[in-house]
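Observations on the model geometry
Given next are the chains, with one letter for each unit.
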Amino acid sequence: MSTSSLVLFNKPYGVQSQFRDDSNNDHTTLSDYFTDKSLRVAGRLDATSEGLLILTDDGRINKAITHPPKANAGRKQGKTYLVQVEGVPTTEQLNQLRRGVILKDGKTLPADVTHVSEETLPMPLWPRNPPIRERKSVPDSWLMLTIYEGKNRQVRRMTAHVGLPCLRLIRWSVAEFELGDLAVGESVRIQLNNEQYQQLGITQ
């Protein structure tokens with residue numbers, strides 16, 4: 001079987017994860033960055049979220065990332081986010097996220113979450129435009145949070161549910177693919193090897 005490629009893209013804030021602007025409001029879309037019309041998004045990001053977006057022309061890869069096998073609860077296709085929240089998380093708030101929280105559309109799967117300092121994030125942060133709203137009287141913190149499903153705006157709703165409103169959301173990794181040192185608005189095309197196919201649950 002021929003090898004497939006996928007594109008890793010560091011999506012800027014404000015860019016929609018689609019190629020057409022259905023709102024007719026002249027929003028920035030993926031068409032401003034890509035001309036390959038065969039690419040499809042494997043797991044969208046909200047316009048107000050940043051970081052790793054995966055695009056591929058292989059339907060098997062798209063399905064493996066967006067609809068992981070139920071047999072392993074999708075754990076191979078975990079998605080890790082760097083989450084700036086308002087406030088300082090308590091042990092109980094972190095444990096709530098680890099156990100799963102009850103949202104309007106059901107209870108979330110247990111998440112992996114760690115309270116980290118900005119200095120220990122896996123990548124240097126870039127300035128966001130517009131900048132984060134800051135309140136001098138309220139501290140903020142960073143979490144590394146991995147989820148194994150894809151409910152709508154899930155991370156934002158999870159942190160808000162436990163009393164930690166999300167200020168900034170950056171996706172760092174999807175499955176085994178990481179943002180690495182990609183600058184904002186940059187992309188890289190990679191060829192999948194046999195091990196990566198297996199990690200995605202794709203049989204060649």
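This one's a predicted model, so the numbers in the text were calculated from it and none came from an experiment. (Residues numbered from 1 in each chain as written. Predicted model: local features only at pLDDT ≥ 70, side-chain atom pairs only at ≥ 80, totals over all residues. Heavy atoms only, no water.)

Some remarks on a negative patch on the surface
A cluster of acidic side chains, namely Glu 118, Glu 119, Glu 134 and Asp 140, defines a negative patch on the protein surface. Of note, Glu 118 is situated in the loop between strand 7 (112-116) and strand 8 (140-147). Accessibility expressed as a relative area gives 46% for Glu 118, which makes it partly exposed. (Patch = residues over 30% accessible without salt bridge, like charges linked within 9 Å, V, L, I, M, F, W, Y side chains within 5 Å. Areas by Shrake-Rupley, 256 points an atom, 1.4 Å probe, with all protein chains shown as cover. Salt bridge = Lys/Arg side-chain N within 4 Å of Asp/Glu carboxyl O. Lys, Arg positive; Asp, Glu negative; His and termini not counted. Charge placed at Lys NZ, Arg CZ, Asp CG, Glu CD. Helix = DSSP H or I, 4+ residues; strand = E, 2+ residues; numbered from the N terminus. Buried < 20%, exposed > 50% of the residue type's maximum accessible area, 1.4 Å probe, protein only.)

Digging into the layout of surface pockets
Put simply, the largest pocket is a space of about 540 Å³. Looking at the largest pocket, it is lined by 27 residues, and the ones nearest its centre are Arg 44, Leu 45, Gly 150, Lys 151 and Arg 171. Of all the secondary structure elements, the ones that give two or more residues to the lining of the largest pocket are helix 1 (59-66), strand 4 (79-86), helix 3 (154-161) and strand 9 (166-174). Grouping the amino acids of the lining of the largest pocket by side-chain chemistry returns nine nonpolar, 10 polar and eight charged. (1 Å grid on protein atoms, 1.4 Å probe; cavity = no way out; pocket = protein on both sides within 12 Å on 5 of 7 lines; lining within 4 Å. Points joined across faces, edges and corners; volume = space filled by probe spheres on them. Nonpolar A, V, L, I, M, F, W, Y, C, P; charged D, E, K, R; others polar.)

Focus: helix 2 (residues 91-99)
Buried within helix 2 we find Gln 93, Leu 94 and Leu 97. Mapping the buried residues of helix 2 onto a view down its axis gives an arc of 100°, with all of them on the same face. The secondary structure elements touched by the buried residues of helix 2 are strand 7, strand 8 and helix 3. Taken from the residues just after helix 2, Gly 100 is the one with a positive phi, measuring 105°. (Arc of directions from axis to C-beta. Contact = heavy atoms within 4.5 Å.)

Quick word on the nonpolar core
Leu 30, Leu 55, Val 83 and Leu 145 are the most contacted members of the largest nonpolar core, which has 28 residues in total. If you list the elements that add at least two residues to this core, you get strand 1 (5-11), strand 3 (50-56), strand 4, helix 2, strand 8, helix 3 and strand 9. The contact partners of Val 83, leaving out residues within four places of it in the chain, are Ser 141, Trp 142, Leu 143, Leu 145, Val 155, Thr 159, Cys 166, Arg 168 and Leu 169. Counting residues in each nonpolar core, the second largest holds 25 residues, with Ala 42, Ile 54, Trp 172 and Leu 182 among its members. (Core = buried A, V, L, I, M, F, W, Y, C linked by side-chain atoms within 4.5 Å.)

Description of the packing of aromatic side chains
All chains considered together, the criterion is met by two aromatic pairs. Ring centres of Phe 9 and Phe 34 lie 5.0 Å apart, and the angle between their planes is 80°; this geometry places the pair in the edge-to-face category. In this pair, Phe 9 sits in strand 1 while Phe 34 sits in the loop between strand 1 and strand 2 (40-41), placing the two residues 25 residues apart along the sequence. Taking the relative accessible area as the measure of exposure, Phe 34 reaches 12% and is therefore buried. Aromatic rings pair up to connect Phe 9, Tyr 33 and Phe 34 into one cluster. A cation over a ring is seen here: Arg 128 above Tyr 13, with NZ or CZ 4.0 Å from the ring centre. (Phe/Tyr/Trp six-rings, centres within 6.5 Å; stacked < 30°, edge-to-face > 60°. Lys NZ or Arg CZ within 6 Å of the ring centre and 35° of its normal.)

Section: the environment of Pro 122
Mapped onto the secondary structure, Pro 122 falls in the loop between strand 7 and strand 8. As for Pro 122 and Met 144, which are separated by 22 residues in sequence, their C-alpha atoms are 9.5 Å apart. The contacts of Pro 122, once residues within four sequence positions are left out, are Leu 82, Met 144 and Trp 172.

What about helix 1?
Spacing of three or four residues puts side chains on the same side of an α-helix, whose turn is 3.6 residues. Every buried residue belonging to helix 1 is among Ile 61, Asn 62, Ala 64 and Ile 65, and all of these are buried. Buried residues of helix 1 fall within an arc of 165° about the axis and therefore sit on the same side. Opposite the packed face of helix 1, turned more than 90 degrees from it, sit the exposed residues Gly 59 and Lys 63. If you follow the buried residues of helix 1, they end up packed against strand 1, strand 2, strand 3 and strand 9.

A word on the confidence of the model for the protein
Of the residues in the protein, 93% have a pLDDT of 70 or more, and the chain-wide mean is 88. Considering only residues more than four positions removed or in separate chains, one finds that residues 71-75, a stretch of pLDDT under 50, has seven contacts. (pLDDT = per-residue confidence, 0-100.)

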